[in-house]
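Here are the chains, one letter per residue:
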Amino acid sequence: MGFRCGIVGLPNVGKSTLFNALTETQAAQAANYPFCTIEPNVGNVGVPDPRLDTLASIAGSQKIIPTQLGFVDIAGLVRGASKGEGLGNQFLGNIREVDAIVHVLRCFEDIDIQHVDNKIDPISDAETVETELMLSDLESLEKRVPAAQKKAAQGDKESKIIASVLGQALDLLREGKPARLVVPKDEEETRVFKAAQLITSKPVLYVCNVDEASAKAGNAFSARVFEKAKAEGANAVVVSAAIEADIVTMPVEDRGEFLVELGLEEAGLARIIRSGYELLHLITFFTVGPKETRAWTVHKGEKAPDAAGEIHSDMQRGFIRAETIAFDDFVSLGGELGAKEAGKLRQEGKEYVVQDGDVMHFKFNV
């Protein structure tokens, strides 16, 4: 299962610097001029999870493999992108292909780094991007919904579903609201809504890129972004892309001391990755053994056979049962044997809903 978060924002807000730090590469060319990122760079990063080390230590695993989350560095957007300004058409096409949006907002002043609008106002920046995304969706639906309504009037069942759920989205967009506020009434509407790939239907995480001095507590700029996120029911995090860029160039053993000197408990990148993971309503289950301890990803609410399918399609097809131990039980009882002796190793069937932290071993037959 591959999930990707698109890093978006106006030019020169720190998108590429953040992406470079996330992937610990210099794959994205960070430069002080608009559109330096032409093709979207893609990097997969491990999701930080201290439970992996704990499980591996108990099991004596030779290798640890975290679950992965993809990040895409997308070219900077400017006003008029929905009409093709700048690299608008390419930007909008790339962003339709991601699962969630990480919206980087400039929350720092620096006379050496130009702002495309020559002012520092993260709320205005956010509104510029959001307006272009809504205009793009609006243009798409103003063509599609009337056509579906016409077919629906002639009795076409699929067109009735399309007209209903996408009609709701069109009404919201005309009011200046994102399509993510649509609430499909059933599975059929959910299917149609997802298939439409509306940009403003994607969940959003606001990343406040602050100066180094504000990395711990944020500043007046980031406070305004947090207010905006709260009003929208969205998430926001504070990070200094400059600090993160420095951290990834250091030896691993020196990073902790550097963070302590700055008064930080952890790198901002860890918060971004975890927040992106949560944004997509993902949870983690584990497979544990002497060769490796590995984290796997499923959506909240998915069942044991779905989890088995993440490892191999044959496991899902021939699923029999899942031997399951809760993380806390595995740790407190010293591993699988202790959990089994204490009656904490459960035999779960096809209807079992996977819980975050489950340690699982699948029985299957094909």
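Residues numbered from 1 in each chain as written. Predicted model: local features only at pLDDT ≥ 70, side-chain atom pairs only at ≥ 80, totals over all residues. Heavy atoms only, no water.

Caption draft 1: Here's a closer look at the overall build of the protein chain. When helices and strands are counted, the protein chain shows 14 helices and 12 strands. Per-residue burial for the protein chain yields a buried fraction of 50% across its 366 residues. Considering only contacts within the protein chain whose residues lie at least 6 apart along the sequence, 70% involve residues at least 24 apart. Split by element, the accessible area of the protein chain, about 17,700 Å² in all, is 49% carbon and sulfur. (Helix = DSSP H or I, 4+ residues; strand = E, 2+ residues; numbered from the N terminus. Buried < 20%, exposed > 50% of the residue type's maximum accessible area, 1.4 Å probe, protein only. Contact = heavy atoms within 4.5 Å. Areas by Shrake-Rupley, 256 points an atom, 1.4 Å probe, with all protein chains shown as cover.)

Caption draft 2: Region of interest: the pairing of strand S5 (residues 100-107). Buried residues dominate S5, accounting for 8 of its 8 residues. Residues Ala-100, Val-102, Val-104 and Arg-106 point to one face of S5 and Ile-101, His-103, Leu-105 and Cys-107 to the other, with burial holding for every one of them. Here 7 bridges tie S5 to strand S6 (residues 204-210), and the two strands are oriented parallel to one another. What sits directly across from Val-102, in S6, is Leu-205. (Pairing = 2+ DSSP bridges.)

Caption draft 3: Up close: the nonpolar core. Grouped together as the largest cluster of nonpolar side chains are 51 residues, with contacts concentrated most on Leu-18, Leu-22, Leu-69, Phe-71, Ile-95, Val-207 and Ile-272. Ignoring any residue separated from it by four or fewer positions in sequence, one finds Leu-22 in contact with Ile-7, Val-45, Phe-71, Leu-269 and Ile-273. (Core = buried A, V, L, I, M, F, W, Y, C linked by side-chain atoms within 4.5 Å.)

Caption draft 4: Structural view of the layout of surface pockets. Put simply, the largest pocket is a space of about 1,100 Å³. Taken together, 38 residues line the largest pocket, and the ones lying closest to its centre are Asp-99, Arg-180, Ser-201, Lys-202 and Pro-203. With 4 residues, the top contributor of residues to the lining of the largest pocket is helix H4 (residues 122-153). The class makeup of the residues in the lining of the largest pocket is 18 nonpolar, 10 polar and 10 charged. Taken as a whole, the second largest pocket spans an internal volume of roughly 630 Å³. Contributing to the lining of the second largest pocket are 28 residues, with Glu-24, Pro-48, Arg-255, Ala-267 and Ala-270 lying nearest its centre. With 5 residues, the top contributor of residues to the lining of the second largest pocket is helix H9 (residues 252-261). Taken together, the residues of the lining of the second largest pocket sort by class into 18 nonpolar, 2 polar and 8 charged. (1 Å grid on protein atoms, 1.4 Å probe; cavity = no way out; pocket = protein on both sides within 12 Å on 5 of 7 lines; lining within 4 Å. Points joined across faces, edges and corners; volume = space filled by probe spheres on them. Nonpolar A, V, L, I, M, F, W, Y, C, P; charged D, E, K, R; others polar.)

Taken by themselves, the reported measurements are silent on function.
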